[in-house]
2 protein chains.
Amino acid sequence: MTEEIGRGEDAPPMRWNGWGDPQKAKDLPFAVRSLLPLLLGRIRRPDAAPTLEDVEIAPTALAEADLAAFAAVVGPAHVDAGREARIRHAGGRSTIDLLRRRQHRQVVPDAVIAPSAHDEVHACLRVAAERDLAVIPFGGGTSVVGALDPERGAHRGVVSLDLHRLSGLLRLDEESGDAVFAAGTTGPEAERLLAEHGLELGHYPQSFRYATLGGFAAARSSGQNSAGHGRFDTMVTGLRVATPTGALDLGRSPGSAAGPDLIRVFLGSEGIFGVITEVRVRVHPAPAERLFEAWTFPDFASGAAALRAVAQQGGGPTVIRLSDESETAVSLAQVGKIGKAMAKGASAITVYEGRDIEHRRAVTSDLLRRAGGTSSGEGAAEEWLAGRFDGPYLRDALLDAGVFCETLETATTWSQLHGLRAAVLNALRDGFTEAGAKSYIMCHISHIYPTGASLYFTVLAGVRGDQLAVWDDVKSRVNDAILAAGGTISHHHAVGRDHAPWLAEEIGETGIRILTAIKRELDPQGILNPGAVIGRGVTAHPAS
Amino acid sequence: MTEEIGRGEDAPPMRWNGWGDPQKAKDLPFAVRSLLPLLLGRIRRPDAAPTLEDVEIAPTALAEADLAAFAAVVGPAHVDAGREARIRHAGGRSTIDLLRRRQHRQVVPDAVIAPSAHDEVHACLRVAAERDLAVIPFGGGTSVVGALDPERGAHRGVVSLDLHRLSGLLRLDEESGDAVFAAGTTGPEAERLLAEHGLELGHYPQSFRYATLGGFAAARSSGQNSAGHGRFDTMVTGLRVATPTGALDLGRSPGSAAGPDLIRVFLGSEGIFGVITEVRVRVHPAPAERLFEAWTFPDFASGAAALRAVAQQGGGPTVIRLSDESETAVSLAQVGKIGKAMAKGASAITVYEGRDIEHRRAVTSDLLRRAGGTSSGEGAAEEWLAGRFDGPYLRDALLDAGVFCETLETATTWSQLHGLRAAVLNALRDGFTEAGAKSYIMCHISHIYPTGASLYFTVLAGVRGDQLAVWDDVKSRVNDAILAAGGTISHHHAVGRDHAPWLAEEIGETGIRILTAIKRELDPQGILNPGAVIGRGVTAHPAS
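Residues numbered from 1 in each chain as written. Chains lettered and ligands numbered in written order. Predicted model: local features only at pLDDT ≥ 70, side-chain atom pairs only at ≥ 80, totals over all residues. Heavy atoms only, no water.

1. Comments concerning the sheet that holds strand S4 (residues 157–162) of chain A
Residue and element names in this part refer to chain A.
- The strand order S1-S2-S4-S3 describes an open sheet built from four strands, whose pairing is mixed. Each edge of the sheet is formed by a strand with only one pairing partner; in this case those strands are strand S1 (79–80) and strand S3 (133–138).
- In terms of strand pairing, strand S2 (residues 111–113) meets S4 through three bridges, oriented parallel. Of the residues in S4, the one forming a bridge with isoleucine 113 is leucine 161. (Pairing = 2+ DSSP bridges. Helix = DSSP H or I, 4+ residues; strand = E, 2+ residues; numbered from the N terminus.)

Now the structure itself:
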């Protein structure tokens, strides 16, 4: 194979009220439009959404002196209290966010501040603390769990701390395969900079084209190549963090027993303890070739057993994914091809990159075949790769057509996987049914581990009336079902504000006390991302 | 190969003043006795150490009411304020500990309490808090960093909480490869229980025969099979913890983005936040066969480059170790065989277990050969395996003969590895030279990662006079050198009390503040392992 594997293309600025490149926004493909009434019944096209100019927002709560104080740190050009900047930083890219962006009246931060370096971030946090302003760290703006809601908590105002100017490869140790990036570096930027040295990071979540390395770390991201390269957690070898009361420079060695691993305190902290300013990561030689193979299983259960065998053997593919019968049937994984072929059974794709790929494919294929799989050639796997970052564009088109569309995910052990899947499917179906909506639900496994796997759900629903209110109720029911069935409240989307009420159940009261104690120590005024992760129970002053 | 690989043999109770099985204590082999004067000059045999009966200890600080309160929880048979129990729980098994055990007057805990279950541990912590008593959690008693010193801090007394009765396989999920053990289960017990199901944990540190799963977790242990199965950190899928103010049950799924991973707060906490009562671990099919191959490199540098290639390629051996020229020369790695052959160059051993071993050996051997290695057959690797848990017996014999012997370890990135090694060698040699002692220093790499490796040092020295005082000075100098050269203060021995003053430099003031905040939240009276990890700066009441 001679295909160039680098994925370092920059993406243009994100569409203000939808996903990704505005030029790529599209209408629903004909096949999808034909299929939807069959699945969901008649859908009413909603009223036109407001343009950016039509959106109504409150005036900024910041005084000139506040803006001047930030300007003294970052320069006046990087303090923006204008309408467009504030609206563009009003949230992430969950369906909740996108539905809010379709409303006339919107809640937005009071200003957007864009520091360019660790010391400026640190100084911005001090300014915010002095002036009683909440701070929402903002990387690529791709959170789907409400981590970017402009919540001011008990403070006088709230600023969005946009980190895009913290960009670039700061240090590269080629011998050790260790690279330090400024935290605002996006996925494509990082890969392009590494490709110049023949290296790759290999982290490709669906948000790849926009999300930043700091965001991957803060949210404990997991990418499509996790079977080969692990979750982002396992790629991080060091962090630099600015907190309102001090800074940290963590990560001296790849293995250590020097007390608890404090890097792990900040992975998953989503900006509530501090702002990650530098991310050090393990990198590897850019793969020179790639092998594809798609598979078909009689059903999801036999496919899942096959993936378990692959995970427990180890040394397998770089990417492996298994769609359930519903997802296989409409081939949603192949963007824009819903309804192309109502395939039977459960389809899987495998991709191999890097060392020893022929051997790895041979031993993996042997396992998959013994578990009941039939190879279906390269085509479907290559198609998946070509469109793998484009799923969210289809969601925008569905929302435009009045179809509710959202994704959610969890993970558990192999022995609890089918029980968890059934519980989530039931909660989704029953929730929409009670709201009088037909739904179509798909599920896939995309991250495997020796002891378990993730489950990723995509739901389409013909919701009439207030989609936000209906989803709020359905999602709540799903979250309860996930915890009752032994799942984690999130495998890779994180907690944000949307999952915070369920985190307490997952980690218990003592777990929340630990997070709260760290928060109070590092951010005693509670200015950082109020309401995220721990929820709204944390006040500025300790209870004691 | 048909050899039975299970290593589940139980060890008899530890020798009170030395390592391991009292029946295995031995005199120095003739070859070693011949070599020592050449390396270290003339050594004076020390005065005979006291017997257990000769040791002087202070009377217990505990009143009858204290003992009765614990007895009400664990039963009177499991509260022991007798001489022998107290002396046997006076510390771990560092050379400092062993030299202290050779003194007439010894510092010991006031009593030994042995709960049998999570709830009893929890109740014991409440009794201790009510009665102002410090608690030192005690697993296998193998700490080599002072984590078991019976330090009472500001409290009225100190008890050793012996966890050996929390033993056994509590739950096994064969489909997921996930097993829950009571935290006091020893390495051999765990492997024996798993072997009944055809499974293995695969964690074999040198302390394996005595240390417990709770101890492996609390100290972030790394075992000899880490190249194949990872550090103990990566094996842990869940923890149950009792703290003085609440309990935790952590670990729902193999991957999660549900906030920071709180398991990692307790891995490496060495009993300062709570007592680990259950450890959930990833297990795998017991290996049916094993391949050995020993290698010789022209020098340590070429050998290290070879190990780097193996680590960065991945999918290699289960065990890989490289001795430097000094260690190779005296073959200390082969217990009892010092001086057998003054080998040249740097020797390495590889062991392959589990899946696909012929292929893994082929690709690894190819890399090692291209890096300048020459295969030297199976023998040396098989001999290493046979004696791999027996090194500490030789140390006892050396101490008996008046030779100072200790080990220490660190880790860093590949690019800093040789600078770190030189810095530690210099600090050791110069330190002993200034103390008027000849020394012989050996080093090996035994844990490799894509971005770096561990360094493990063994030092022999002909110290005259106060060995404890000399080592205190030399070790201090080494610790400074490690941090200055970019190493971690410990790769797998942990922090305890011995390394605590250096942890603050490694993780910074803000890092220490995080640990202190967690400590104050969970253990507001500071009863748990006072002085360990964070050091002695933590008082019972917050500074604020």
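Let us keep going from here.
2. Description of the interface of chain A and chain B
- Listed per partner, the contact involves 80 residues of chain A and 80 residues of chain B.
- The contact between chain A and chain B buries some 6,100 Å² in all, and 57% of this surface belongs to carbon and sulfur atoms.
- Between chain A and chain B we count two salt bridges in total.
- Applying the counting criterion to the chain A and chain B interface returns 39 residue pairs in polar contact (both at pLDDT 80 or more). (Contact = heavy atoms within 4.5 Å. Buried area = accessible area lost by both parts, 1.4 Å probe. Salt bridge = Lys/Arg side-chain N within 4 Å of Asp/Glu carboxyl O. Polar contact = N/O pair within 3.5 Å; in protein donor to acceptor, adjacent residues only side chain to side chain.)

3. Regarding the relation of the copies chain A and chain B
- Once chain A has been moved 0.0 Å along the axis and rotated by 180°, it coincides with chain B to within an RMSD of 0.0 Å. Viewed as a symmetry operation, the transformation between the two copies matches a two-fold axis.
- Here 100% of the contact residues of chain A are again contact residues in chain B; the copies associate through an equivalent surface. (Least-squares fit on C-alpha atoms with pLDDT ≥ 70 in both.)

4. Re the domain arrangement of chain A
Residue and element names in this part refer to chain A.
- Entries for chain A in the domain assignment read domain 1 (55–162), domain 2 (169–285) and domain 3 (290–484).
- For domain 2 versus domain 3, the distance between C-alpha centres works out to 27 Å.
- In this complex, domain 2 contributes 15 residues to the contact, which on the side of domain 3 involves 16 residues.
- Where domain 2 abuts domain 3, roughly 1,200 Å² becomes buried across the two surfaces, and 46% of that area is made up of carbon and sulfur atoms.
- Seen at the junction of domain 2 and domain 3, the total is zero salt bridges.
- Our count for the contact surface shared by domain 2 and domain 3 stands at six residue pairs in polar contact (both at pLDDT 80 or more).
- Tallying contributions element by element places helix H8 (residues 226–229) first for the side of domain 2 that touches domain 3, with four residues.
- Taken together, the residues of the side of domain 2 that touches domain 3 sort by class into four nonpolar, eight polar and three charged. (Domains from an automatic or database assignment. Nonpolar A, V, L, I, M, F, W, Y, C, P; charged D, E, K, R; others polar.)

5. Here's the deal with the pairing of strand S13 (residues 319–323) of chain B
Residues and elements named next belong to chain B.
- Counting buried residues along S13, five of its five residues qualify, which places the element largely inside the surrounding structure.
- In this structure, S13 lies alongside strand S14 (residues 346–353), joined through four bridges in antiparallel fashion. Of the residues in S14, the one forming a bridge with leucine 322 is alanine 348.
- Here S13 pairs with strand S17 (residues 439–445) via two bridges, running antiparallel. Across the sheet, residue serine 323 finds its bridge partner in S17, namely histidine 444. (Buried < 20%, exposed > 50% of the residue type's maximum accessible area, 1.4 Å probe, protein only.)

6. Remarks on the pattern of salt bridges
- Enumeration over the complete set of coordinates arrives at 59 salt bridges over all chains.
- The residue Arg536(A) makes a salt bridge to Glu151(A) at a minimum N-O spacing of 2.7 Å. Of this pair, Arg536(A) sits in the segment after helix H18 (500–522) while Glu151(A) is found in the loop between S3 and S4, placing the two residues 385 residues apart along the sequence.
- Take Arg536(A): its relative accessible area is 57%, and that puts it in the exposed class.
- Among the ionic pairs, Arg152(B) bridges to Asp110(B), the shortest N-O distance being 3.2 Å. You can see Arg152(B) sitting in the loop between strand S3 (133–138) and strand S4 (157–162) and its partner Asp110(B) sitting in the loop between helix H4 (95–100) and strand S2 (111–113), a full 42 residues away along the chain.
- The buried category is assigned to Asp110(B), whose relative accessible area is 2%.
- Salt bridges linked by common partners bring Asp66(A), Arg131(A) and Arg156(A) together as one network.

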